[in-house]
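Structural features, examined
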Amino acid sequence: MKLLLSLLLSIAGLHAGSMPLASYLTAVEASNALNALNAKSAAETALQRSQVQSEGLFLNGQLGYAAEKQGSRDAFEYHLSIEKRFLLGNSGNYADALELSKQKQQKLQLNRLRTVVYEHYVNACALQEKTGLLQDAQERNVALTQLIGEGVRGGEFDRSALLRSELIVDELQLRIRELESRYYEALQTLQLYTSKEEEPFCQDLPFSVSLQDDLEADSLLYRYLENEIAASSALKAFHGTALKEISVGVGYDNEMDLTRGIVFMQIPLSQGSRRESEREAAAQSKLAAQQQLLFAKAEMQAQIRSYKKAQQTRLKTYQRLNDILIPTAYETSVLLLERFMGSEGSYLAYIESQKTLFDLLIRGIDTRADTLLAQARLYRTLGIDPQKDIK
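Here's what I pulled together on the structure shown here. Quantities reported herein were computed from a predicted structural model and do not represent experimental measurements.

Describing the nonpolar core
Core analysis: the biggest nonpolar cluster contains 73 residues, and Y121, I148, L205, L215 and Y347 have the highest contact counts within it. Elements supplying a minimum of two residues to this core: helix 2 (21–27), helix 4 (91–153), helix 5 (159–194), helix 7 (220–239), helix 8 (272–341) and helix 9 (347–382). Counting residues per element, this core draws most heavily on helix 9, which supplies 17 residues. Formed by 10 residues, the second largest nonpolar core is a distinct cluster that contains L98, A231, L235 and A282.

Examining the pattern of salt bridges
Enumeration over the complete set of coordinates arrives at 14 salt bridges. The partner of E99 in a salt bridge is K102, and the shortest N-O contact between them spans 3.2 Å. Residue E99 and its partner K102 are both found in helix 4; the two are separated by 3 residues, about one turn of the helix. A relative accessible area of 29% places E99 in the partly exposed class. Judged by relative accessible area, K102 falls into the buried class, the value being 17%. R368 is paired through a salt bridge with E129; the nearest N and O atoms lie 2.7 Å apart. Here R368, found in helix 9, pairs with E129, found in helix 4; they are 239 residues apart in sequence, far enough to count as distant. Several salt bridges share partner residues, and in doing so they unite E29, K107, R114 and D385 into one network.

Let's talk about a nonpolar patch on the surface
Together, L57, L59, L63, Y78, L80, I82, V250 and V263 line one region of the surface with nonpolar side chains, adding up to about 860 Å² of accessible area. Of all the secondary structure elements, the ones that give two or more residues to the nonpolar patch are strand 1 (58–65) and strand 2 (76–87). For I82, the position within the fold is in strand 2.

Here's the deal with the state of the cysteines
Enumeration over the complete set of coordinates arrives at 1 disulfide. The disulfide partner of C125 is C202, and the S-S distance across this bridge is 2.0 Å. Measuring the twist about the S-S bond at about -95 degrees, one finds the C125-C202 disulfide to be left-handed. One end of the pair, C125, is in helix 4; the other, C202, is in the loop between helix 5 and helix 6 (215–218), with 77 residues separating them in the sequence. By the burial criterion, C125 is buried, and C202 matches it.

Some remarks on unusual backbone geometry
Non-glycine residue C202 carries a positive phi angle of around 75 degrees. With phi around 60 degrees, S343 is a residue other than glycine that occupies positive phi space. For S343, the location among the structural elements is in the loop between helix 8 and helix 9. For S343, a relative accessible area of 51% translates into the label exposed.

Focus on the packing of helix 5 against helix 9
Two elements in contact, helix 5 and helix 9, have axes whose closest approach is 11 Å; the angle formed by their N-to-C orientations is 15 degrees. The orientation of helix 5 with respect to helix 9, classified from their angle, is roughly parallel. As for the relative orientation of helix 5 and helix 9, their crossing is right-handed in sense. Between helix 5 and helix 9, the residues in contact are A161, R164, S165, I168 and R175 and Y347, L348, I351 and F358, respectively.

Overview of the packing of aromatic side chains
For the coordinates displayed, the defined rule picks out 4 aromatic pairs. Ring centres 4.8 Å apart and planes at 20 degrees place the aromatic pair F157 and F340 in the stacked group. Here F157 is found in the loop between helix 4 and helix 5, whereas its partner F340 is found in helix 8, with 183 residues between them in sequence. With relative accessibility at 12%, the residue F157 sits in the buried group. Residue F340 is classed as buried on the basis of its relative accessible area, which comes to 5%. When the centroid spacing of 4.9 Å and the interplanar angle of 45 degrees are considered together, the rings of F340 and Y347 count as tilted.

Structural notes on the side chain of K130
The residue K130 is located in helix 4 in this model. For K130, a relative accessible area of 13% gives the class buried.

Brief notes about helix 9
Between its first and last C-alpha atoms helix 9 spans 52 Å; for 36 residues at 1.5 Å apiece the expected length is 52 Å, and the two agree. For helix 9, the capping residue at the N-terminal end is S346, with a side-chain oxygen 3.1 Å from the backbone nitrogen of L348. At the C-terminal side of helix 9, G383 shows a positive phi close to 75 degrees.

What about the environment of Y350?
Summarising the element assignment, Y350 is placed in helix 9. Sequence separation of Y350 and Q291 is 59 residues, and the distance between their C-alpha atoms is 62 Å. Those residues in contact with Y350 that sit more than four places away from it in its chain are L144, S333, L336 and L337.

Thoughts on helix 8
Owing to its 3.6 residues per turn, the α-helix aligns residues three or four sequence positions apart on the same side. Under the 1.5 Å per step criterion, the end-to-end length of helix 8 is 96 Å for 70 residues, consistent within 8% with the ideal 104 Å. A bend of about 45 degrees at L321 is the largest found in helix 8. Looking at the residues trailing helix 8, positive phi occurs at S343, about 60 degrees.

Cut-off values and rules
Residues numbered from 1 in each chain as written. Predicted model: local features only at pLDDT ≥ 70, side-chain atom pairs only at ≥ 80, totals over all residues. Heavy atoms only, no water. Core = buried A, V, L, I, M, F, W, Y, C linked by side-chain atoms within 4.5 Å. Buried < 20%, exposed > 50% of the residue type's maximum accessible area, 1.4 Å probe, protein only. Helix = DSSP H or I, 4+ residues; strand = E, 2+ residues; numbered from the N terminus. Salt bridge = Lys/Arg side-chain N within 4 Å of Asp/Glu carboxyl O. Patch = residues over 30% accessible without salt bridge, like charges linked within 9 Å, V, L, I, M, F, W, Y side chains within 5 Å. Areas by Shrake-Rupley, 256 points an atom, 1.4 Å probe, with all protein chains shown as cover. Disulfide = S-S within 2.5 Å. Axes fitted to C-alpha atoms, helices over the stretch in contact; angles between N-to-C directions. Parallel < 35°, antiparallel > 145°, perpendicular 65-115°, else oblique. Left-handed = near helix turned anticlockwise from the far one by under 90°. Contact = heavy atoms within 4.5 Å. Phe/Tyr/Trp six-rings, centres within 6.5 Å; stacked < 30°, edge-to-face > 60°. Expected span 1.5 Å × (residues − 1). Polar contact = N/O pair within 3.5 Å; in protein donor to acceptor, adjacent residues only side chain to side chain. Bend = angle between axes of the 7 residues up to and from the residue.

As structure tokens, then:
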């Protein structure tokens, strides 16, 4: 097994009782952040739907006074009626399209929140791995410092080697504290989105990403924008109805025979500037949705191409680090330590080899994290659920 892989698995194994990524992503469904976004989208949908819904019943009352009937009980005349406006356009199609858009938008919001959690999970795991490497290096240097101390007392080593080794141990402790602080911040962010206090498991993170997936087909954003066109088309058809509405009423007038009532209807005789504005707005809304989809598709394709190119570079870098550079640096460090302990080599040369090895290991962690973070950011843009990659 590759050296970096073995080291990271051994570090992650210290947290075997922690929460896996799948549990974090599932917990997003009950988060306050998602509830707030869903409530907002539901409110916006209800407001849009209200544009094509008719009002309820109206009570219309009129009261008059006839001066020529002064002194008569019929001097006061009144009229009562109940009226109702009916919309003749097909509002049902628009309402259905809005409901479907809301469902897709809420699913899109869920996927994007999951990718945010995935990003923070990757960050937390990278910090966890770096901290583990530093702690391992500190333990080794503490043991080496003790050996050097014995050698100084026995006259085998110079005191400068002991001071340098003690300085390295202290410096490692400072870096560990800094990483632990950043790791705590990452945990707080995970807790904010999931309400979970457990530490990340990290062993479930992939060590590479697939570049063969059809990301465009997996994009929920594209399907959501397609549905926005359908909703805009339905609204345009509704406003394009020749006779958009009529009003019907029934009533009673005290000047008429009590056995008869009044039935009346109101039909608009002209379209009016308001209707023209509504039609124009609906047409422009449909055009905007179509253009947005075209632009989003072009942007999506450009982002996917850039993503795959950058990921290929990262994967090659990671492979070279794991297969060549890190094993070579490790072997060099082991050989220089043996030479130093045998009083044949320089302590400074060993320290430099340790620094090189440690820098390569950190770069390996960062390269792997950058690869996963780039994937998560693209998933967030496209609305892809990161759960699809969890085995």
